[in-house]
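Next come the chains, spelled out residue by residue.
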Amino acid sequence: MKGQTSTRTKVLHALMIVVLTILLLLFIAPFILVVINVFKTKADINTAPLALIGKHGFTLENFPRAMDKMNFVTVFGNSAVITISATILTILFSAMCAYVIVRNPSWKFGGMVFALMVASMVIPFQVLMVPLVSVYGGLLDVLNNRITLILMHTGFSVSLAVFMFHGAIKTNIPNELEEAASIDGCSKWRTFWTIVFPLLKPTVATVAIIDAMAFWNDYLLPYLTLDLGKYKTISVAIQYLKGGYGSVDMGAMMACLVMAIIPIIVFYLICQKHIVKGVMAGAVKG
């Protein structure tokens with residue numbers, strides 16, 4: 001009986017590895033396709049897109065052409081400013097909000113705010129898209145600038161961030177630390193920034209990478225809210241590589257994709273060791 005169970009377990013384990021390997025290959029295939037084609041000429045991309053090396057060998061001509069066509073420095077700067085600003089605001093506001101809610105359990109309004117934030121996470125952006133643009137573009141007339149987009153990104157992301165910080169503070173930070181600080185004369189403000197916030201480093205890293213990736217790769221919200229003549233982001237600018245009659249410079253587009261991917265991958269690699277720990281800290285208890 002034990003032998004049959006062991007054999008069945010090994011078969012299931014091997015089958016799971018095969019399935020996961022196939023899914024991995026399917027997942028990374030587009031990325032591999034971009035990488036192997038970014039160093040090819042236009043002719044090689046069109047004639048042999050699956051070949052590892054084109055007939056004309058390696059070339060770097062796609063990168064300068066892409067930077068020139070999409071004004072890469074400007075759009076990269078726009079994306080960086082929007083992503084960094086929105087991520088920082090999200091972390092600061094969410095951490096402070098969660099701290100107030102956790103440390104004031106008898107405050108009914110705080111519990112109501114937290115419940116509304118958790119409930120709002122199930123509402124897709126597409127439901128809010130039309131009224132959002134109508135209100136901000138029509139009644140308030142505050143579209144077409146980066147500040148509005150930064151605040152919108154922050155507003156849409158604080159719910160999940162507050163949920164994660166709430167769990168981390170409630171689970172991992174004992175009241176005794178704050179009580180000791182209070183006895184030593186620390187105000188609530190100073191206690192939060194000198195004791196509580198540094199202990200939230202794993203959750204901060206997790207929220208930062210989740211939101212930074214979302215903001216950096218977002219296409220729809222920048223397209224709806226920015227003046228595209230002044231403030232294109234990378235995700236929006238890539239579509240302008242299309243030429244007349246739908247023609248696309250695939251080499252330049254591949255180069256743009258690689259240059260857009262590299263910063264967020266580097267950021268992810270820096271923060272990855274904190275991600276699992278931060279998710280567990282923010283989700284085990286609410």
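Residues numbered from 1 in each chain as written. Predicted model: local features only at pLDDT ≥ 70, side-chain atom pairs only at ≥ 80, totals over all residues. Heavy atoms only, no water.

**Q** Describe the environment of K69, with residues and values.
**A** Within the element layout of this structure, K69 appears in helix 3 (residues 62-69). The class of K69 is partly exposed, set by a relative accessible area of 46%. Considering only alpha carbons, one finds K69 and A237, 168 residues apart in sequence, at a separation of 9.4 Å. Residues within four places of K69 in sequence aside, it is in contact with L241 and D249. (Helix = DSSP H or I, 4+ residues; strand = E, 2+ residues; numbered from the N terminus. Buried < 20%, exposed > 50% of the residue type's maximum accessible area, 1.4 Å probe, protein only. Contact = heavy atoms within 4.5 Å.)

**Q** So, the packing of helix 7 (residues 146-172) against helix 10 (residues 201-217): which residues are in play, and what are the values?
**A** It is at 10 Å that the axes of helix 7 and helix 10 come closest, and there the two elements cross at 160°. One finds that helix 7 runs roughly antiparallel with respect to helix 10. In terms of crossing hand, the pair formed by helix 7 and helix 10 is right-handed. Contacts between helix 7 and helix 10 involve H153, S157, L160, A161, M164, F165 and A168 on the former and, on the latter, T203, V204, T206, V207, I210, D211 and F215. Residue classes in the contact of helix 7 with helix 10 are distributed as nine nonpolar, four polar and one charged. (Axes fitted to C-alpha atoms, helices over the stretch in contact; angles between N-to-C directions. Parallel < 35°, antiparallel > 145°, perpendicular 65-115°, else oblique. Left-handed = near helix turned anticlockwise from the far one by under 90°. Nonpolar A, V, L, I, M, F, W, Y, C, P; charged D, E, K, R; others polar.)

**Q** Explain the side chain of D44 residue by residue, including any values.
**A** Looking at where D44 falls in the secondary structure, it is placed in helix 2 (residues 42-47). On the basis of relative accessible area, D44 is assigned to the buried category, the value being 2%. Separated by 3.2 Å, the side chains of D44 and T41 make a polar contact. Look past the residues within four positions of D44 in its chain and what remains in contact with it is P49, G54, K55, H56 and G57. (Polar contact = N/O pair within 3.5 Å; in protein donor to acceptor, adjacent residues only side chain to side chain.)

**Q** Describe unusual backbone geometry, and please don't skip the residues or the numbers.
**A** Peptide bonds are, in most cases, trans, and in most cases residues other than glycine have a negative phi. Unlike most non-glycine residues, N71 shows phi in positive territory, near 50°. One can find N71 in the loop between helix 3 and helix 4 (72-102). Here N71 falls in the partly exposed class, since its relative accessible area comes to 45%.

**Q** Can you tell me about a nonpolar patch on the surface, naming the residues and giving the values?
**A** Judged by side-chain polarity, L12, L15, M16, V18, V19, L20, I22, L23 and L26 come together as a nonpolar surface patch covering roughly 860 Å² of accessible area. Counting through the fold element by element, V18 comes out in helix 1 (residues 2-37). Using a relative accessible area of 47% as the deciding quantity, one classes V18 as partly exposed. (Patch = residues over 30% accessible without salt bridge, like charges linked within 9 Å, V, L, I, M, F, W, Y side chains within 5 Å. Areas by Shrake-Rupley, 256 points an atom, 1.4 Å probe, with all protein chains shown as cover. Salt bridge = Lys/Arg side-chain N within 4 Å of Asp/Glu carboxyl O.)

**Q** Provide a residue-level description of the nonpolar core, including the pertinent values.
**A** For soluble globular proteins, nonpolar side chains are generally found buried alongside one another. Counting 23 residues, the largest nonpolar core has M70 and I234 as its most contacted members. Setting aside residues no more than four positions away along its own chain, M70 makes contact with V75, I234, A237, I238, L241 and C256. Core analysis: the second largest hydrophobic core is formed by 22 residues, A98, V102, F114 and V162 among them. (Core = buried A, V, L, I, M, F, W, Y, C linked by side-chain atoms within 4.5 Å.)

**Q** Can you lay out the packing of aromatic side chains for me, pointing to particular residues and giving the numbers?
**A** Applying the stated criterion to the full structure yields 11 aromatic pairs. Pairing W107 with F109 gives two aromatic rings, centres 5.5 Å apart and planes at 50°, and the pair type is tilted. For F109, a relative accessible area of 49% gives the class partly exposed. Considering the side-chain rings of F192 and F197, the 5.9 Å spacing of their centres and the 50° angle between planes classify their relative orientation as tilted. The buried category is assigned to F197, whose relative accessible area is 19%. (Phe/Tyr/Trp six-rings, centres within 6.5 Å; stacked < 30°, edge-to-face > 60°.)

**Q** Mind laying out the side chain of S235, listing which residues take part and the relevant values?
**A** Of note, S235 is situated in helix 12 (residues 234-237). At a separation of 2.5 Å, a polar atom in the side chain of S235 contacts the main-chain carbonyl oxygen of D218. Within the structure, S235 has its side chain in polar contact with the side chain of T233 (distance 3.3 Å). Among all residues touching S235, those that are not within four sequence positions of it are N217, D218 and Y219.

Interpretation in functional terms is not warranted from these geometric data alone.
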